[in-house]
Amino acid sequence: MLASASSSPRRASEAVEAGLKERAVRILLVNPPYVSLTSRGVGHQIPFGLLSIGGPLLDEGHEVRLLDAERHHLSAAEIEKEVGGFRPDIVMTGHSGSTPAHPAAMATLEAARRACPTAITVYGGVYPTYHAKDILKENPAVEIVVRGEGEAVVLDLVTAIGSGGCLADVKGITFRDADGAIRENPPAPVISSLDDYRVGWELVTNWDLYQCFGLGRAAIVQFSRGCPHRCSYCGQYQFWSKWRYRNPKAVAAEIAWLHRTHGIRFVDLADENPTSSKRLWRDFLEAVVEENVPVRLFATIRATDIVRDADFLPLMRRAGMICVLMGIETTDPSTLAAIRKGSTTRDDQRAVALLREHGILSMLGHIVGFEEERFIDHVRAIRQVSLYDPDLVNAMFVTPHRWSDWTAENGSRKVIQKDLAKWDYRNQLLSSRYLSSRAIFWLVKLMELAVHARPRALRRVLCHPNRELRAHLRWCFRFSLRVWWAEIVEFVRRPPDDRSRLTLAEWFRR
């Protein structure tokens, strides 16, 4: 965690009591300047979470502006200048890469406090939801933490601030009261109708800044929230409480509007599990086909659902699905059972084959570190992933979260990476009793190289019969190579600390 700022904490309730009388509240949404190697490789995406709370705030008549410090790679001094120029009443920040972006979010709010001491600072996202009290204790620059879904909570919060109301009445926040004590209000109810809140697309002033995967202007759209599965390493089902969805036709219409109005050609579905309902997934795909716009889709879908919905694959292709990320997590059946994944290696292999049959690229997400693997386990994983024959592989390291069951079950594992900015699935965080961090790193890099450099994979890159898929594969390989090499350079320069004796349980108790 970051060290405390030098300034003393202000009581958020004191500022609220003063109120802002009858005028609209000036709100600055700041996407913190957290830039990962992956985003440098595939391109910057819109700050979807901030846009999602921006829409409801705009509809309430507030003056809202977006400052994307990530996309513009702004320094703390530059953020300070922008905040000082706008003079907001409230500064809100948060990031989809919630855990690794936390240090950048804290630096952002510290800069905001220096530039505009009277502004109320608000922080939201998954990480602050589960670390709210710690954050308020350690970071005076943070005054209010929004827990859980933000759309409804921020409306109630801004109403209380604007009218001089009482923060104790706002559900879903944690804050300091007039005596400096940290107060955690009851959680806000989950949003029952996602269609009641819109995305503030107008806050994006230059869509050319957001281009991903070599397909032109890109947007993120959400069809559903949550996941009905209970994988032990994942906290999505805890954060979102239950699976909910938007009107399928409304989502398809929004995608078509983005293309016709802003020239969007690529959409990343920001769903944890969009195929939870087979009927609704079909309705969505059919609605997209009816809109008839040349937009390509990317989605994360469980391999078991690809197999289950094999009859939908022609429809998925007609709807514009160009690539599916499937989190196989591991190729070891016993580990799959232990983490409650609910799938089998047979499902994973069959899903890859089905996608290829229907002209959709497959990307497999494989995670290292669920168990303390030996050398032979890594060799088997390389062989098994190669046998699956995916178009792309995304090899990652297990990243523990305080709220997951897996973390509680593995509290004795040693933490060898203490830089929170690297808790992003792309860096090794935990030690293994059998292999050094260097050995594990090079085995992971070998997996990426072995899978992507197979003769069969290279033939597809060079000679894929579908021109569009061939171009997309070439783009992915080119930029994946950049990221692969950059991660090697970064590891050599700043390797993790194998000598660390800090346990995972101790890390989260700090």
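Residues numbered from 1 in each chain as written. Predicted model: local features only at pLDDT ≥ 70, side-chain atom pairs only at ≥ 80, totals over all residues. Heavy atoms only, no water.

**A look at the overall build of the protein**
Alright, step 1. Within the protein, the secondary structure is distributed over 21 helices and 15 strands.
Alright, step 2. Relative to the compact-globule value of 24 Å for 510 residues, the protein shows a C-alpha radius of gyration of 23 Å, a close match.
Alright, step 3. Considered along the principal axes of its C-alpha atoms, the protein spans approximately 65 × 60 × 35 Å.
Alright, step 4. Counting across all 510 residues of the protein, residues that qualify as buried make up 58%.
Alright, step 5. When contacts within the protein are restricted to residue pairs at least 6 apart in sequence, those whose partners lie at least 24 apart make up 78%.
Alright, step 6. Approximately 21100 Å² of the protein is accessible, and the part contributed by carbon and sulfur atoms is 51%.
Alright, step 7. Averaged over its 68 positive side-chain charges, the protein has a centre that lies 5 Å from the centre of its 60 negative ones. (Helix = DSSP H or I, 4+ residues; strand = E, 2+ residues; numbered from the N terminus. Rg over C-alpha atoms; globule rule 2.2 N^0.38 Å. Buried < 20%, exposed > 50% of the residue type's maximum accessible area, 1.4 Å probe, protein only. Contact = heavy atoms within 4.5 Å. Areas by Shrake-Rupley, 256 points an atom, 1.4 Å probe, with all protein chains shown as cover. Lys, Arg positive; Asp, Glu negative; His and termini not counted. Charge placed at Lys NZ, Arg CZ, Asp CG, Glu CD.)

**Examining the packing of helix 19 (residues 455-463) against helix 20 (residues 467-493)**
Alright, step 1. Viewed as axis vectors pointing N to C, helix 19 and helix 20 meet at an angle of 120 degrees, and their least axial separation amounts to 7 Å. The angle between the axes of helix 19 and helix 20 places the two elements in the oblique class. When helix 19 is examined against helix 20, the residues Arg-460, Val-461, Leu-462 and Cys-463 are found in contact with a partner set consisting of Arg-470, Leu-473, Arg-474 and Phe-477.
Alright, step 2. Looking at the contact of helix 19 with helix 20 residue by residue, the class counts come to 5 nonpolar, no polar and 3 charged. (Axes fitted to C-alpha atoms, helices over the stretch in contact; angles between N-to-C directions. Parallel < 35°, antiparallel > 145°, perpendicular 65-115°, else oblique. Nonpolar A, V, L, I, M, F, W, Y, C, P; charged D, E, K, R; others polar.)

**Considering the side chain of Arg-246**
Alright, step 1. With respect to the helices and strands, Arg-246 occurs in the loop between strand 10 (244-245) and helix 10 (248-262).
Alright, step 2. On the accessibility criterion, Arg-246 (14% relative accessible area) is buried.
Alright, step 3. In this structure the side chain of Arg-246 is engaged in a polar contact, spanning 3.5 Å, whose partner is the side chain of Asp-195.
Alright, step 4. Polar side-chain contacts of Arg-246 include one of 3.1 Å to the backbone oxygen of Gln-222.
Alright, step 5. Residues within four places of Arg-246 in sequence aside, it is in contact with Leu-194, Asp-195, Val-221, Gln-222, Phe-223, Val-251 and Glu-254. (Polar contact = N/O pair within 3.5 Å; in protein donor to acceptor, adjacent residues only side chain to side chain.)

**A look at the packing of helix 4 (residues 76-86) against helix 5 (residues 102-115)**
Alright, step 1. It is at 8 Å that the axes of helix 4 and helix 5 come closest, and there the two elements cross at 45 degrees. Classified by the interaxial angle, the pair formed by helix 4 and helix 5 is oblique. Taken as a pair, helix 4 and helix 5 cross one another with a handedness that is right-handed. Two secondary-structure elements touch here, helix 4 through Ala-76, Ile-79, Glu-80, Val-83 and Gly-84 and helix 5 through Thr-108, Ala-111, Ala-112, Arg-114 and Ala-115.
Alright, step 2. Grouping the constituent residues of the contact of helix 4 with helix 5 by class yields 6 nonpolar, 2 polar and 2 charged. (Left-handed = near helix turned anticlockwise from the far one by under 90°.)

**Re the packing of aromatic side chains**
Alright, step 1. All told, the structure shown has 14 aromatic pairs when counted by the stated rule.
Alright, step 2. Judged by centre distance (6.1 Å) and plane angle (85 degrees), the rings of Trp-423 and Phe-508 are edge-to-face. Of this pair, Trp-423 sits in the loop between helix 17 (405-409) and helix 18 (437-452) while Phe-508 is found in helix 21 (residues 504-509), placing the two residues 85 residues apart along the sequence. An identical accessibility class is assigned to Trp-423 and Phe-508; each is buried.
Alright, step 3. Positioned above the aromatic ring of Phe-312, the side-chain terminus of Lys-278 is 5.3 Å from the ring centre. (Phe/Tyr/Trp six-rings, centres within 6.5 Å; stacked < 30°, edge-to-face > 60°. Lys NZ or Arg CZ within 6 Å of the ring centre and 35° of its normal.)

**Some details on the state of the cysteines**
Where two cysteines share a covalent bond between their sulfur atoms, that bond is called a disulfide.
Alright, step 1. Considering all chains together, one arrives at 0 disulfides under this definition.
Alright, step 2. For the unlinked cysteine Cys-212, the closest cysteine sulfur is that of Cys-476, found at 11 Å.
Alright, step 3. Between Cys-323, a free cysteine, and Cys-476, which holds the nearest cysteine sulfur, the sulfur-to-sulfur gap is 6.5 Å.
Alright, step 4. For Cys-323, a relative accessible area of 3% corresponds to the buried category. (Disulfide = S-S within 2.5 Å.)

**Structural notes on the pairing of strand 14 (residues 361-368)**
Alright, step 1. Judged by how many residues are buried, strand 14 sits mostly within the fold: 8 of 8 residues are covered.
Alright, step 2. Across the two faces of strand 14 the burial is the same, with Leu-361, Met-363, Gly-365 and Ile-367 and Ser-362, Leu-364, His-366 and Val-368 all buried.
Alright, step 3. Note: strand 14 against strand 15 (residues 392-397), 6 bridges, orientation parallel. In the sheet register, His-366 faces strand 15, and the bridge partner there is Ala-395.
Alright, step 4. Regarding the hand of the β-α-β motif, the stretch spanning strand 14, helix 16 (residues 375-388) and strand 15 is right-handed. (Pairing = 2+ DSSP bridges. Right-handed = clockwise from strand over helix to strand, strands pointing away.)

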